[in-house]
Amino acid sequence: ILVTGMLMLGGAEVIEDLTGVPVTWSSLILPFSSCLVYTLRGGLKATFFSAYLNTVIIFATLLLFIFTVYASPGGDLSASVGSPDRVFEGLQRASARAARFAFGKEPNPPFPFTEGLVGNSGICVGTSAEIDQTGSTSCRYTQVGSCAPGDDSCASFTPSLGGQEEVSFSHDCADPSNNVCAPSFLTLASNGGIIFGVVNLVGNFGTVFVDQSYWQSAVACKPRATVQGYLLGGMVWFAVPFAFATTVGLAARSMAGGPEGIPLDFVTAFEANAGLVPARVLQLTMGVAGSFLLLLMLFMAITSTGASELIAASSILVYDVFVPYLQPSILWGRAQRQALLKKAVGRVRGEGEGARNGDWREDEEEKQRLCEGSSGALQRSSASSSPVPVESSSSPDSPGVAVDSHGTGVGGREDSSKRKEGDEFLTEKEALSVLETLSVGGFFPSSSPPESPESVRTESQAEGETDALWSLVGGRERVASLSGLPSSVPVGRLVVPLHVFLRVVQRPCEREDGLLLLRVSKACTVLFSCFMGLISVFLQGVRLQLGFLYMTMGVLVGPAVAPCALSILWQRANGRACTFGALGGLLAGLSAWLGASAVSAGGGGLSVEDISGDMPFLYGNVASILVSAVIAVGGSLLLPDVKFRWSQLNDGIQTIDGGEEADEGVGEEEEKVLRQWHRVAVWSAVALSVVLLLLFPLPPFFSNWVFDLGAFRGWVGVSIGWA
C-alpha cells in the first residue's frame, strides 16, 4: 500500500505539473491505463517482460537527460549546464549566494533549503565578491544557542520544514567580517545526507522484506537466476537515483539564481517534496521534448512497478485471504483427495491400511514379465535398483523404441517425467484399479463410476469402461508418453512410474482449483487497481507528499525486517518472538518519531510540518528496526523453537493452483548448486555492503572533504558509466 501510494501520488503530481491534468483524474486513470490490462492477460510473465522492456526505455531516456546536462551546448542556460565545469561553477555560485543572504550580505529572496545546507562542509567565500577558488579554505557550521551581538560568524533563521523554532549557526572561517562559510553541494560531509542515508536504508530494507513482489519473483526463478538477477537488479536500480540526482538535482541548484535570470526559488521546498524537481529542470533545459521524455519515463516506471504490485496484492488476497477464510474447501478437499489416493495406491500394492491380499496385486513373476517386455531383459539404473521397462526392437508387438534408465528413448524421444532414483512402478491393471477406486470415491471432478457389475459386463462394456477410466487422466496415450513409452504400447503391457501416475491423477483436480483461483485473482487485480487510484486521491486530499511518505516508510515497515530475516535464516527462530518483535518495533518507532517531533515543536498539537523534521524521522526509523531485532533475537535465544526443521518445508509446502508439483526433495547435485549460489549471494552482499555503506560515504564524511573540479568530473563520469 505504501509503495503503491508513493507511486501513484508522485506520478500524478508530475503529470499535473507537466500537462495540467488534475491530480485526482491522473490518480484514477493511471492504474487502468498503465498496467491493469496486460497484467490481467499475462500475469507474472507479463510483469517480467514489462520490467525488462520498461527498464531499457528508462535508461535510454536517462542517458538523454545526462548528456543534455553534461555534454551539450546548453542553449539559453549555457552558463549553468552543458558540461561538468559549468554545473560545478553554478553550484559554487548558488551556495555562495545562499550564504551571503543568510548573513545579510546579499539582498536576494531566501534561497531554498538553507537549513539543509548548513549541515554540509563548505568553503570560505568573500562577503561581496564571487568565490576565490585559489584562496578558499574548508569550513563547517556549528549549531549554537543564540548569536551574540556583533558576532559576524553567526546567523539565525527559521527552517521552512520540520516545525522547528529559529536556530542559530556559527561558522569557523578565519575572517568572519570579510568571509562567510558557503556550505557546498559538492560534498559527502553532510549531516542531512547521512540522516537521509540511514532513513533510506531502513525504509528500503523494510520494502524488500515486506513487499510480496520481491518474494514471488525470487520463488519463481531458479537459484542461479535469482542470485544473479537480484545482484544485477540492485546494481541497475542504484544507477537510477545516482545518475538522476547527479543530473537533474544538481542542475536545479546550478540554474537557480544564475545569469540566465531563473529565480532562486523556481523549485520551492514544497514542490521538491512533491517530486517536481525533474519536471521543472527538464522543461527548462529541453522544452517540450523534455516534458514528453519525462512523461514517457514516468509511464514506464509506473507500468513496471505498478504491475508488480498488482500481482503481489492479488497473490496475498487469493492465497492468504480467499483460500483459508472464504474457500477452505480447496485445502481440506485436497487433503481428502490425497488420503484417498494414498489408500487406493496402497491397496493395489499391498501397503498401508488399504492393503489387500489376492488379485489386487500382481505376483512378482507377472510384474517382472510385464516390466521386462518380450525381450526378457530387465533393465536397471546404475544408481538405482528399481526396474525400468524396455520395449525392445526385436519384439513383434513393440514399435521398437527402447527406454533407458533415465526415461529417455534411445530413438531420441525424451521423457518429461524424468524418472527418479528409487522409483517404483504400477502395471496397467494396478493403475486401472486405482483409477476405478478413485472414481467410485468421487476423487475426480464430475466423474461417475462404472455402472455395470463385473459379473454381467460384456467385453465391449469392459473396454468402454477402461477407456473412460483412462480419460479421467487425459487418456492412455498421454500416460504412456509421460512414462517414456510409445503411445501404441499393447494393452496390458503399459508400466507407469509411480511418481508419474501420482502427478497425472492429481492434475485434473488441481486444474479445476486453479481455474477458480485464476478467476478470483483477476477480480482482485481489478479491485486493487481501483484501490491504487483511491489511495492516491486520499493522500493528496490530506496533503501528504511523496517525500513525507518516503521518510515515513521505514517507521512503518522497518519493524518487519529482523523477524522476516530470522524466519528464513534461523531454524530456531521463535514465531511468537518474531511476531511480538514486529509489533514492538512498530510501537517503538512511532513513539520515538512522534515524541521527538513533540519535543522539537515545543509541545502542544502536532501538524504535518511538525512531524516532518529530519531528526524525528531518524529516531523513528532507527528505533523501529533495532527494537524489533532485539525482541525477535532475544526471544528466540531465550525460547528457541526446537521442534521445527527445514526439511519439514519439503513436505509442508504444496501447490494448490494446478501448477507443477513441488519436488519431493533436493538431490545431491541440486544441493551442491544451492550451496554454491548461497556462497555467491553472501559474499556479494557483504562486499557490496562494505563498499557502498562504509568505504564509499564514511571517509569523505569524517574528513569534511569538498569536491574540487577534478573530483566532480570523476563523479559525473562514474554516474554516466554506471547508467
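Up top is the structure these notes are about.
None of the values given here were measured: they were computed from a predicted structure.

1. Some remarks on the overall build of the protein
Link 1 in the chain: Helix and strand counts for the protein come out as 23 helices and ten strands.
Link 2 in the chain: Relative to its full complement of 723 residues, the protein shows a buried share of 44%.

2. Brief notes about the pattern of salt bridges
Link 1 in the chain: Counted according to the given criterion, the structure contains three salt bridges.
Link 2 in the chain: In this structure, the salt-bridge partner of arginine 713 is aspartate 85, at a minimum N-O distance of 2.6 Å. Highlighted residues: arginine 713 in helix α23 (residues 709-722) and aspartate 85 in helix α3 (residues 84-102), separated in sequence by 628 residues.
Link 3 in the chain: On the basis of relative accessibility, which here comes to 43%, the residue arginine 713 falls in the partly exposed class.
Link 4 in the chain: Residue classification places aspartate 85 among the partly exposed positions, given a relative accessible area of 26%.
Link 5 in the chain: One salt bridge in this structure joins glutamate 271 and arginine 280, with 3.0 Å as the shortest N-O distance. In terms of burial, glutamate 271 and arginine 280 fall into one category: buried.
Link 6 in the chain: Sharing partners across several salt bridges, the network here consists of Asp17, Glu271 and Arg280.

3. Some points on the packing of α3 against α23
Link 1 in the chain: Packing of α3 against α23 brings their axes to within 10 Å, and their N-to-C directions diverge by 120°. With respect to each other, α3 and α23 are oriented oblique. The two elements α3 and α23 meet at a crossing, and its hand is right-handed. Touching Pro84, Asp85, Val87, Phe88 and Leu91 of α3 are Leu709, Phe712, Arg713 and Val716, all from α23.
Link 2 in the chain: Looking at the contact of α3 with α23 residue by residue, the classes come out as seven nonpolar, no polar and two charged.

4. So, the state of the cysteines
Link 1 in the chain: The full count for this structure, using the stated rule, is three disulfides.
Link 2 in the chain: For cysteine 124, the disulfide goes to cysteine 173, at an S-S distance of 2.1 Å. Measuring the twist about the S-S bond at about -105°, one finds the cysteine 124-cysteine 173 disulfide to be left-handed. Here cysteine 124, found in strand β1 (residues 122-126), pairs with cysteine 173, found in the loop between β5 (167-171) and β6 (179-183); they are 49 residues apart in sequence, far enough to count as distant. The pair formed by cysteine 124 and cysteine 173 is uniform in burial state, with each residue classed as buried.
Link 3 in the chain: With its sulfur 1.9 Å from that of its partner, cysteine 147 forms a disulfide with cysteine 154. With the S-S bond torsion at -75°, the cross-link from cysteine 147 to cysteine 154 turns out left-handed.
Link 4 in the chain: Accessibility expressed as a relative area gives 10% for cysteine 154, which makes it buried.
Link 5 in the chain: Once the bonded cysteines of the protein are numbered in order along the sequence, the disulfide links fall as 1-5, 2-6, 3-4.

Rules used in this analysis
- Residues numbered from 1 in each chain as written.
- Predicted model: local features only at pLDDT ≥ 70, side-chain atom pairs only at ≥ 80, totals over all residues.
- Heavy atoms only, no water.
- Helix = DSSP H or I, 4+ residues; strand = E, 2+ residues; numbered from the N terminus.
- Buried < 20%, exposed > 50% of the residue type's maximum accessible area, 1.4 Å probe, protein only.
- Salt bridge = Lys/Arg side-chain N within 4 Å of Asp/Glu carboxyl O.
- Axes fitted to C-alpha atoms, helices over the stretch in contact; angles between N-to-C directions.
- Parallel < 35°, antiparallel > 145°, perpendicular 65-115°, else oblique.
- Left-handed = near helix turned anticlockwise from the far one by under 90°.
- Contact = heavy atoms within 4.5 Å.
- Nonpolar A, V, L, I, M, F, W, Y, C, P; charged D, E, K, R; others polar.
- Disulfide = S-S within 2.5 Å.

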